[in-house]
Amino acid sequence: MVEMKPAGLPSTMGFDPLKLIQDHQLGLWRYLRALGCAREVADDLAQETFLIVLQRPFQDYSEVATRAYLRKVAYNLLVTQQRRAGRVVAVENIEQYERDWNRWAGDGDGEDALRALRGCLKVLGPRALHALKMRFEERRSRQEIADALQMTEHGAKNLMQRAKKKLRDCVEGKISESADA
Amino acid sequence: MNPRMPDDDRDPVLDACLEEVLGVVQPPDLAPGILRALARHPIEIEPGAAESGGLWIRSLGDAVDAACPDLSGDGDVAWPAPAIPIANGRSHAGGPARSTESDRMSAAGRGIPSPTTERRTRSWVGYAAALTVFVVASVGIVAWHGRSWDASPDRVAAGGGDSTEASGGDGARAGSSGARPLRRRMPDGVRPARAADPNLAATPPADADSGNPPLDTPFGKTTEPSLPASATASSRPLDAPPLDAPSGSEVLPAEAVIAGIDAGLRESWSRHALVPSERASDDAWCRRAFVGLLGRTPKDAEWAAFRAAPPETRRAALVERLVRGAEYADEFARHWATFWAESWIGRPSGARSSELASRDGFEAYLREAFAADRPFDAIVREVIAANGTSSPGSPSFNGAVNFLLAHHNADGTEATSAMTRLLLGRRFQCIQCHDAKSDGSSDGRTLLTQRAFWELNAFFGQIGIDRDPVSKVVRLEDRDMASDATFFEQSDGVKRVAYPVLPGGTPIARSGRVADGRRRETLAQWVARSDDLPRTVVNRVWAHLFGYGLTQPIDDWGPHNPATHPELLNMVSSQFAAHGSHLKDLVEWLALCDAFQRSEEPSEGNLADAPERGELPWFSRYYPKPARPATALDSLRWVAEARRRGGNQVDRSTFLAQFAVQMGRPHAARLIPADERRLPQSDRVEHHAMLRRLLDAALDPAEKIRHLHLAALGRRPSKAELDQCLAMLGDARQPDIVLNDIWWALLNSQETGVLAYWSGE
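Notes on the structure in this doc start here. (Residues numbered from 1 in each chain as written. Chains lettered and ligands numbered in written order. Predicted model: local features only at pLDDT ≥ 70, side-chain atom pairs only at ≥ 80, totals over all residues.)

1. Some points on the overall build of chain A
For the record, the criterion: Here a strand is any run of E in DSSP of at least two residues, a helix any run of H or I of at least four, and the numbering for each starts at the N terminus. With C-beta atoms placed from the backbone, a residue is labelled by how many other C-beta atoms lie within 10 Å of its own: buried for 20 or more, exposed for 12 or fewer, partly exposed between the two. Two residues form a contact once the distance between their C-beta atoms, set from the backbone, is within 7 Å.
Regarding its fold elements, chain A presents eight helices and zero strands. What you see in chain A, going N to C, is helices and strands ordered as α-α-α-α-α-α-α-α. Per-residue burial over chain A gives 34% buried out of 181 residues. Taking the intrachain contacts of chain A between residues at least 6 apart in sequence as the baseline, contacts between residues at least 24 apart amount to 66%.

Structure, rendered in structure tokens:
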């Protein structure tokens with residue numbers, strides 16, 4: 001049994017709010033995006049999270065603890081925001097997204113997952129990659145993608161679903177490999 | 001949730017990553033907005049938390065002060081913050097783009113009241129107030145039968161002094177409470193991080209009830225008695241220049257101006273007991289002159305010609321040739337066009353076809369202006385008042401419009417802030433949201449008001465922009481305004497109107513019709529005559545040639561940011577204006593002054609002159625000046641012998657755009673010392689076509705290495721260097737990669753000092 005020792009209480013002398021924001025904003029923003037937030041909502045909630053945290057004395061026990069704390073505040077804000085908006089959102093889905101992201105990002109800011117994804121894009125065929133670029137880079141509709149690829153809309157949908165499945169498997173494989181290593 | 005994504009495709013984790021990887025969605029930089037938002041709220045320290053919170057709050061205060069110095073006072077001084085924390089999107093300055101959305105999501109009871117709740121409450125009270133006003137007005141109409149009631153914006157603005165609340169009685173109450181100065185609650189024994197600013201401490205808060213702030217103009221008009229001289233002087237670590245520097249000075253010959261600069265420098269060296277470094281070697285100086293004045297390293301023949309000239313006159317002769325020689329006219333114009341384009345619209349702006357501004361168009365305009373040695377005041381008039389299309393080759397092309405296009409947003413606030421900061425050296429973006437900032441006026445007492453910002457902003461109200469859907473040509477032109485007035489919202493929710501008023505308090509015709517007057521034209525005339533303009537130009541060129549400006553940052557005048565050499569700055573600025581505001585004059589003076597002749601090597605007598613350690617620069621030695629990406633490119637271009645007259649602008653833009661950074665910071669790239677940050681690694685910066693051409697050339701490896709040294713360092717490699725590079729190439733499977741690494745290593749070397757760029761303004 002490992003003895004759990006309380007983390008030393010770092011002196012507030014070293015606390016730098018700007019550093020706190022700069023160190024954690026990227027990971028927090030990506031976390032919110034992974035929970036399904038649009039970019040604008042993720043911007044807002046990340047900012048709101050820091051505002052709330054910095055409104056009271058803050059003890060920076062460790063980077064991991066701080067990241068977890070920030071994620072929790074952001075998570076609660078997201079749920080509150082959804083409730084206020086009157087939207088019915090299954091919390092189970094958000095929890096599932098959160099678990100996925102935690103698996104992908106671990107204690108980091110998600111950069112490893114993005115790096116893995118960049119590598120995995122190379123395994124896609126040209127048509128699938130083209131379809132995803134049109135979808136995510138150019139914001140084209142599925143019908144436009146289908147037209148561009150000279151296939152039916154259903155075909156475009158299947159193509160992208162397969163591509164995303166392939167990417168997800170690939171990323172998870174790479175993450176597992178690095179975890180094992 | 002993302003509405004764009006159909007449910008059957010939904011995989012938020014992967015989708016978010018794909019959007020980021022494929023480049024559409026990039027993480028924002030939230031820090032400035034968060035710190036600004038914090039600055040607008042009283043910080044509540046919970047009972048019992050004082051001990052642990054004391055240092056925390058001080059750290060937070062420091063961070064907030066650093067993020068937005070004009071928002072902060074000291075602990076005992078009321079922050080110039082309203083009670084209702086976040087202004088609406090219209091008047092929220094400088095924060096992240098989505099800050100208003102986050103503001104709506106604030107939760108009550110956390111120190112920051114929820115703007116949603118506030119707004120909802122206000123709206124109900126507003127409805128009640130509106131109903132009351134309606135009833136009272138009806139009674140009034142009946143009582144004053146036959147008397148008309150004009151509720152036009154003019155009338156609204158005219159009532160009660162400058163303006164009257166447009167949102168009814170609720171607004172009036174909010175105004176009275178909103179303008180009440182808030183205090184940061186400090187635990188006992190916790191001292192504020194910043195020293196007291198007597199200017200701010202003695203400043204009475206603006207009275208929103210009266211709608212007539214006591215001190216109201218951005219550039220010096222005051223209605224309050226000045227503070228005693230001792231009070232203002234105590235806040236200045238150095239003698240700040242009088243910011244109403246004399247204009248219309250007597251025109252001195254160039255030699256006298258240069259002698260004046262030298263005298264100013266010597267006086268500062270003497271005052272700070274500094275012994276200047278030795279005179280730089282001719283070789284070092286020659287490279288410095290070419291890089292500083294033309295943006296590239298000298299060629300072999302140019303080295304030879306310089307060395308062959310008489311020693312006593314060779315430097316002056318070279319400066320004369322580089323600045324005024326016909327053979328260098330194109331290069332001079334192109335270099336300074338690139339420099340000013342970067343300074344005014346930033347490197348990332350205008351490089352992509354999806355943007356409104358065209359970097360090529362702006363650089364083309366500036367090249368033509370500098371080639372013709374057009375006065376700076378004329379250039380500034382044109383960039384503020386220009387109409388036309390942005391892209392070269394389009395009908396009615398006018399590249400000057402790209403300044404405003406690069407800073408365009410829906411309400412003109414970007415243009416207002418950019419114009420004041422970049423052309424006048426005044427940072428006004430923070431007063432977009434709130435009153436009161438200690439200004440740089442000589443009495444140290446003048447306040448800036450939110451109203452003044454919006455009165456300035458009203459000059460941009462006639463701007464209309466169209467993009468042709470087929471040709472994608474962007475056109476900027478003046479159009480009649482839908483309303484003569486510009487509306488803004490105070491932080492307390494009170495809506496006000498503003499009409500164009502020139503800094504100093506001179507109003508112009510209120511009509512927004514173009515036929516009645518072009519507002520930008522009026523503003524442009526005023527800016528071109530402003531004493532701040534030559535001072536800002538001089539400081540920026542000085543910073544370019546010497547690595548550091550006479551103030552830091554270079555575009556923020558005021559007692560909070562005094563110049564290191566105020567008399568020198570005033571003299572050069574007034575002479576620059578007196579000589580007709582020609583860039584060539586200024587460049588010539590600075591290149592021939594004493595500071596430009598000094599060696600980079602510090603002596604024992606000037607080790608304290610170390611701005612790279614955060615000290616003030618005294619220019620007793622020439623600081624290793626970072627080369628710019630454009631310099632690297634142009635040097636490489638001539639080495640590759642692929643330079644074309646007029647430049648391959650598209651290729652050039654693509655190369656320079658690579659030095660943009662993510663995570664915000666879009667504009668105003670600035671340099672950092674060579675030992676702090678290096679250029680991005682070569683795997684992050686694509687190879688330029690010029691480099692590619694050199695690597696593919698049918699030359700032996702040694703010759704390629706010589707070319708790279710010539711381009712980067714302006715000299716051939718020593719034997720040891722050459723041997724070392726050849727050894728690296730010896731076993732390489734992919735020599736191109738090794739050569740590419742050598743190139744970037746040379747650019748990152750201490751000798752070259754090419755630095756990473758990022759914008760931190």
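2. Remarks on unusual backbone geometry
Residues and elements named next belong to chain B. The amide bond that connects Q552 to the next residue, P553, takes the cis arrangement and shows omega of 5°. Here P553 is to be found in the loop between α21 (532–546) and α22 (566–578). We note that A273 has phi near 55°; this positive angle belongs to a residue other than glycine. The topology assignment puts A273 in the loop between α10 (254–271) and α11 (282–294). Positive phi outside glycine occurs at S581, with the angle close to 60°. As for its position among the elements, S581 is in the loop between α22 and α23 (583–592).

3. Some details on the environment of P311(B)
Residues and elements named next belong to chain B. Here P311 lies in the loop between α12 (300–308) and α13 (314–324). For P311, a count of 8 C-beta atoms within 10 Å puts it in the exposed group. Expressed as a C-alpha distance, the spacing of P311 and D282, which sit 29 residues apart in the sequence, is 8.7 Å.

4. Quick word on the sheet that holds strand β3 (residues 474–478) of chain B
Strands in a sheet are paired, the pairing made by backbone hydrogen bonds, and the direction either parallel or antiparallel. All names here are of chain B. Under the convention used in this document: Strands pair, by our definition, only if DSSP identifies at least two bridges between them.
With antiparallel pairing, the three strands of this open sheet are ordered in space as β1-β3-β2. Of all strands in the sheet, those with a lone pairing partner are β1 (388–389) and β2 (463–467), marking the two edges. Looking at chain direction, β1 and β3 are connected through two bridges and run antiparallel. Each residue of the ladder has a partner; that of G388, found in β3, is L476.

5. Looking at the packing of helix α2 (residues 39–54) of chain A against helix α3 (residues 63–84) of chain A
All names here are of chain A. Our working definition: All axes are obtained by fitting lines to C-alpha atoms, using only the stretch in contact for helices, and the reported angles, taken between N-to-C directions, cover 0 to 180 degrees. In this scheme, roughly parallel covers angles under 35 degrees and roughly antiparallel covers those over 145, while 65 to 115 is roughly perpendicular and the rest are oblique. Each helix crossing is assigned a hand: it is left-handed if the near helix lies turned anticlockwise from the far helix by less than a right angle, otherwise right-handed if that turn is clockwise.
Running from N to C, α2 and α3 point in directions that differ by 120°, and their axes come no closer than 9 Å. Viewed along their axes, α2 and α3 adopt a mutual orientation that is oblique. Here α2 and α3 pass one another in a crossing that is right-handed. Across the interface between the two elements, L45, A46, E48, T49, I52 and V53 of α2 pack against L70, V73, A74, L77, L78 and Q81 of α3.

6. Brief notes about helix α1 (residues 17–34) of chain A
Residue and element names in this part refer to chain A. Applicable threshold: A helix is expected to reach a length of 1.5 Å times the quantity of its residues less one. A residue's bend is given by the angle between axes fitted to the 7 residues ending at it and the 7 residues starting at it.
Taking 1.5 Å per residue as the helical rise, α1 with its 18 residues ought to reach 26 Å, and the 25 Å between its terminal C-alpha atoms agrees with that figure. At H24, α1 shows its maximal bend, which comes to roughly 45°. Most of α1 is tucked away: 14 of the 18 residues are buried. Looking one or two places after α1, you find G36, whose phi comes out positive at around 105°.

7. Description of the pairing of β2(B)
All names here are of chain B. Direction of pairing for β2 relative to β3: antiparallel, over a ladder of five bridges. Paired with I465 across the strands is L476, a residue of β3. Taken together, β2 and the strand that follows it, β3, pair antiparallel across an intervening segment of six residues, in which K472 is found at a positive phi of about 65°.

8. Observations regarding the environment of E588(B)
Residue and element names in this part refer to chain B. Among the structural elements, E588 can be located in helix α23. Between the C-alpha atoms of E588 and V323, which are 265 residues apart in sequence, the distance is 6.9 Å. Discounting chain neighbours no more than four positions away, the residues touching E588 are A254, V319 and V323.

Don't take any of this as a statement about function, it's just geometry.
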